[in-house]
Every structure is written in C-alpha cells, then in structure tokens.
Amino acid sequence: MTSLQRLPNSLTPLDQALNALLQGVEPVAPIELPLAAALRCIAAAMPPLPAHPSRDVAAVDGYAFRARDLVGASSYSPLPLTTTPVWVEAGEAMPEACDCMLDSDSVDMSGPMPQVLAEAVPGQGVRRAGGDIAAGRPVVEAGWRMRPRDLLLARAAGWERLSVRRPRLRIINVPGGGVTAELIAESAQASGAAAVSCTAAGRDAASIAAAFDDGACDLLLVIGGSGVGRTDAAVTALAARGKLLAHGVALQPGRTSAVGRIGTTPVIVLPGAPDQAFAVWWTLALSVFDRLSGRRPRKTINLPLARKIASSVGIAEIALLVRQQDMWAPIAVGELSLDAIARAEALLVISGGSEGFAAGSPVDAYMLRD
C-alpha cells in the first residue's frame, strides 16, 4: 500500500503558514460562566467592581470607639466609660461615628464601670470602605487569563458569573497517537479552551473525514496521519472535505504538519509524534487560539544565552531552555526529547532566516511554566 500524501518540493515558511491560517479569524463571542468554570479562560469586557467593603468594617474582634475620645487613656490612667462599649466581630460593620478598635485586653470590664486602658489612632483595627477593592476596578483587564486571585475579587464582590471568551476546540485522534492526543487535549484545557476529543474510526481518509462532521467548533485539530507513511491519510481527508492551505511547514520539529480550513473553521493537522505536535501546538495552534480568545500577546522574558545556539537557515527551529543564573541555557534544539519537554522552563522560536545566536546574545523566550 502506497500513501497518496506527498510533501511538496519546498516547505511553506512558518510565518506564511500562520498568516494563511489566521486569515479571517476573529475573537469568539463572549459567554458568561460560573466562577469555577471561568478559571483559565480569557476575560472579556466586564462592568467595574463595586467598592469592597462597601463601608468601614472591623478588621479584628474587639470594642469599637472614636479615637479622639480615648486621648490620654493608659493602664496608669484608665479612662472610665459612662456606657458599655460595643463589641464588634471582625468583618462586621463599624458602629456610627466609631473609627477604631481596641482588643479585650485594652478594656477592663471587671469593675462596676468599664475602663479603657489604651489610646488608639483613627483606622486602628478597621478596614476602610473600598480598602480591599476600590470602586471602579475591573476583575481583570479584558484579554488576560482568569486566575484564582481574580476569582477572589469576584467572589468578594458577590459575583457568581464572569464574561469570558472560551473557544471550542475539537481534537480528532487518528488511531495510534493516543499519548500525543492527550498532551494536546490537556494543553488546550490548561489554556482555557472548551476542548472535546474523539478518535477516528480508522486511519483511512474516509474515517478521518467522517470525524470532521461530529460537532461544531472554532478550531479543529487532527493528531497524527500527517506524514507520507503507508497509512497516513489525514491531509488527504482535509483536502477532500475543505481547503488545504499548506502541507509541509518549515518547522523543526513538525515539518509534516498541515494547515487548512473547512468552511470558516481553521484546521491544523499535527504530526503524531509528541515532540512534533508540541512544536506545532506552540507555533500554530496557540496563535490561532489566542486570536479566537482575544488574548493579549503572550509575555516573553529576555535573558542572555548561556551557550551558543546553531540553527539551519530556511527552517524555523524550536529551542527549549532552562533558567540558570539569570541566563537561558538551551537543553534541546530542533530534536526535542520527552525529558527535555518536561524539564523546559521556556521556549524559543528560532526564525528560518537566522543561523542561531551567539553565547551571551539576549533572546526573548516564551514561558512554559506560568
């Protein structure tokens, strides 16, 4: 049996394949999700938060007073009180006109008349209105990923739902690439996608094409079957059902990947090998996902290289890095072991027009551990 798939004589440059893939891709419409479900999703525009607390509250358990009434009070010169002071639990609203708190050791309640044994300053033991959350503050700026500490603000304000963009990813596993399919599915979920996975009935083009129809999505990923092996047919299936934009991308690892479109849905065929799929996920799939989710540009960290990186001109290469004494130390370039993928702290995309970088050159690397 001979494969019908063939790589072209020249590979498509990575940036050209990405530009073709992004053509016409716009952010998906925002949806409202419960707080727990919104975690890791990309925030959409939301109303500003109200002030929290809405009024002054006690920050500690104790007695509420007005500071100016306690001037001169001490254990040597107790201040007698004509009325019993008000006890306030932490978190409760401060009584009218009170602006400070004293603990139980500072108020003697043992005698017939309460006595104050210490002074206080305005605001002592009090959390001011808006002290935790200033009125008008956003939960998080649109375009940033929702973090647990962002949900803390929403819960404190009494919000139960948040507006986010959550692209729908469909992942089709071509039989034989289960480990890689799990890697991509988990990577998608960690990025905040609504990811649904399925396995094609077989490795033939008809079985793979049939899996394309089972459910709408914003981005379709096919794992495996991208090469020229005798049982590789994912690219053939894509060409039969939609438009093939490029097969064979100048990316190492990942050169047998393909990009296309079915209707308006972008499609990426990732190689079945974990290292190749990992590279294609970071360079192509994540870029489309970020556009769909309206995410702001991912941050990079600029550090000098601890060692030289050599690269072949004409093909983009992936370098994996670890941080050593405020420098990026390469642990893999082009050929990525599973151990290197697991250990890496950052990823560097070396342009196809570059021969690499000299030792000490500053480079911008994307963080893999965030």
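Read on for an overview of the structure. Residue positions are given per chain, counting from 1 as you read along its sequence in written order. This being a predicted model, a pLDDT of at least 70 is required before a residue's local features are given, and a value of 80 or more before pairs of side-chain atoms are given or counted; all residues contribute to the totals for chains, interfaces and linings. Each side-chain value is derived from all of the structure's non-hydrogen atoms; neither hydrogens nor water enter the calculation.

A run of H or I in DSSP counts as a helix once it spans at least four residues, and a run of E counts as a strand once it spans at least two, with each numbered from the N terminus. If you tally the helices and strands in the chain, you get 8 helices and 26 strands. Each radius of gyration reported is based on C-alpha atoms, and the globular scaling rule is 2.2 Å times the count of residues to the power 0.38. Rg of the C-alpha trace for the chain: 30 Å, well past the compact-globule value of 21 Å for 370 residues, more than 25% over. C-alpha atoms of the chain, sized along the principal axes, occupy 100 × 50 × 30 Å. Relative accessibility under 20% of the residue-type maximum defines a buried residue, over 50% an exposed one, and the middle range a partly exposed one, all with a 1.4 Å probe and only protein chains included. Per-residue burial for the chain yields a buried fraction of 45% across its 370 residues. In the chain, once contacts between residues fewer than 6 apart in sequence are set aside, the share between residues at least 24 apart is 74%. Just so you know, the count uses Lys and Arg for positive and Asp and Glu for negative, and it drops His and the chain ends. One atom stands in for each charge, and that atom is NZ of Lys, CZ of Arg, CG of Asp or CD of Glu. Averaging the coordinates of the 33 positive side-chain charges in the chain and doing the same for the 35 negative ones gives two points 9 Å apart. Residue contacts are counted whenever heavy atoms from the two residues lie within 4.5 Å of one another.

Let's shift gears to the sheet that holds strand 7 (residues 86-88). By the convention used here, strands pair only if DSSP detects at least 2 bridges between them. The strand order across the open sheet formed by 3 strands is 7-5-8, and the pairing between neighbours is antiparallel. Sheet topology places strand 7 and strand 8 (100-102) at the edges, where each strand pairs with a single neighbour. Direction aside, neighbouring strands of the sheet carry axes that sit 50° apart on average. Both strand 5 (residues 62-65) and strand 7 contribute to a ladder of 3 bridges, which runs antiparallel. By the bridge assignment, Y63 is partnered in strand 7 with W87. An axis is simply a line fitted to the C-alpha atoms; with a helix, the fit covers only the stretch in contact. Between two such axes, the angle follows the N-to-C directions and lies from 0 to 180 degrees.

Another point: helix 3 (residues 148-156). Listed in full, the buried residues belonging to helix 3 are D150, L151, L153 and A154. The arc that holds the buried residues of helix 3, viewed along the axis, is 155°, so those residues lie on one side. Residues of helix 3 that are exposed and point more than 90 degrees away from the buried face comprise P148, R149 and L152. The secondary structure elements touched by the buried residues of helix 3 are helix 2 (35-38) and strand 12 (161-165). Taken from the helix axis, the directions to the C-beta atoms give the arc we talk about.

Classification of ring pairs uses Phe, Tyr and Trp, with its six-membered ring standing for Trp, and accepts pairs whose centres are within 6.5 Å; under 30 degrees between planes counts as stacked, over 60 as edge-to-face, and the remaining range as tilted. What the rule picks out here adds up to 1 aromatic pair. Centroid distance Y63 to W87: 4.9 Å. Interplanar angle 80°. Geometry classified as edge-to-face. Highlighted residues: Y63 in strand 5 and W87 in strand 7, separated in sequence by 24 residues.

So, on to the pairing of strand 23 (residues 328-333). When strand 22 (residues 316-323) meets strand 23, the two strands line up antiparallel, connected through 5 bridges. By the bridge assignment for strand 23, A319 is matched with V333. Where strand 22 folds back onto strand 23 in an antiparallel hairpin, the turn is made up of 4 residues, including Q325, whose phi is positive at roughly 50°.

With that out of the way, let us pick up the packing of helix 1 (residues 14-22) against helix 7 (residues 274-293). The N-to-C vectors of helix 1 and helix 7 enclose an angle of 35°; their axes lie 10 Å apart at closest approach. Helix-helix and strand crossings are classified by hand; for helix 1 and helix 7 the assignment is right-handed. Here L14, L18, L21 and L22 of helix 1 lie close against helix 7, whose contacting residues are T283, L284, S287, V288 and R291. In this count, Pro and Cys sit with the nonpolar residues alongside Ala, Val, Leu, Ile, Met, Phe, Trp and Tyr, while Asp, Glu, Lys and Arg are called charged and the others, Gly among them, polar. Here the residues of the contact of helix 1 with helix 7 are counted per class, giving 6 nonpolar, 2 polar and 1 charged. The sense of a crossing depends on the near helix, which, turned anticlockwise from the far helix by less than a right angle, makes the crossing left-handed and, turned clockwise, makes it right-handed.

Another point: the sheet that holds strand 6 (residues 79-80). Strand order in the open sheet formed by 3 strands is 6-10-9, and the pairing between neighbours is antiparallel. Sheet topology places strand 6 and strand 9 (107-108) at the edges, where each strand pairs with a single neighbour. Strand direction decides the pairing type here: strand 6 and strand 10 (residues 115-116), joined by 2 bridges, are antiparallel. Across the sheet, residue L79 finds its bridge partner in strand 10, namely V116.

The subject of this paragraph is unusual backbone geometry. Looking along the chain, the bond that leaves H52 and enters P53 is cis, with omega of -5°. At the junction of Q252 and P253, the peptide bond is cis and its omega measures out at 0° in the coordinates. With respect to the helices, strands and loops of the structure, P253 is situated in the loop between strand 17 (249-252) and strand 18 (258-262). Here the phi dihedral of R40 falls at roughly 80°; this positive angle occurs in a residue that is not glycine. Following the sequence through the fold, R40 ends up in the loop between helix 2 and strand 3 (42-43). On the accessibility criterion, R40 (37% relative accessible area) is partly exposed.

A few words on the environment of S311. Examined against the element boundaries, S311 turns out to sit in the loop between strand 21 (309-310) and strand 22. As a C-alpha pair, S311 and G353 span 42 residues in sequence and 9.3 Å in three-dimensional space. Excluding its chain neighbours within four sequence positions, the residues that come into contact with S311 are E317, I350, S354, E355 and G356. Counting of polar contacts relies on pairs of N or O atoms within 3.5 Å, with two restrictions inside protein: one atom must be capable of donating a hydrogen and the other of accepting it, and residues adjacent in sequence are counted only when both atoms are side-chain atoms. At 2.7 Å, the side chain of S311 forms a polar contact with the side chain of E317.

Once that is clear, we can look at the pattern of salt bridges. Where charged atoms from two side chains of opposite charge come close, those side chains can pair. Any Lys or Arg side-chain nitrogen located within 4 Å of an Asp or Glu carboxyl oxygen qualifies as a salt bridge. The full count for this structure, using the stated rule, is 10 salt bridges. In this structure, R66 engages D69 in a salt bridge whose closest nitrogen and oxygen atoms are separated by 3.1 Å. For R66, a relative accessible area of 30% corresponds to the partly exposed category. Classification of D69 by relative accessible area gives partly exposed; the value is 39%. Of the charged contacts in the structure, one is a salt bridge between R343 and D339, with a shortest N-O distance of 3.5 Å. You can see R343 and its partner D339 sitting in helix 8 (residues 338-343), 4 residues apart, about one turn around the helix. Overall, the relative accessible area of 47% leaves D339 in the partly exposed class.

None of the figures reported here should be taken as evidence of function without further support.
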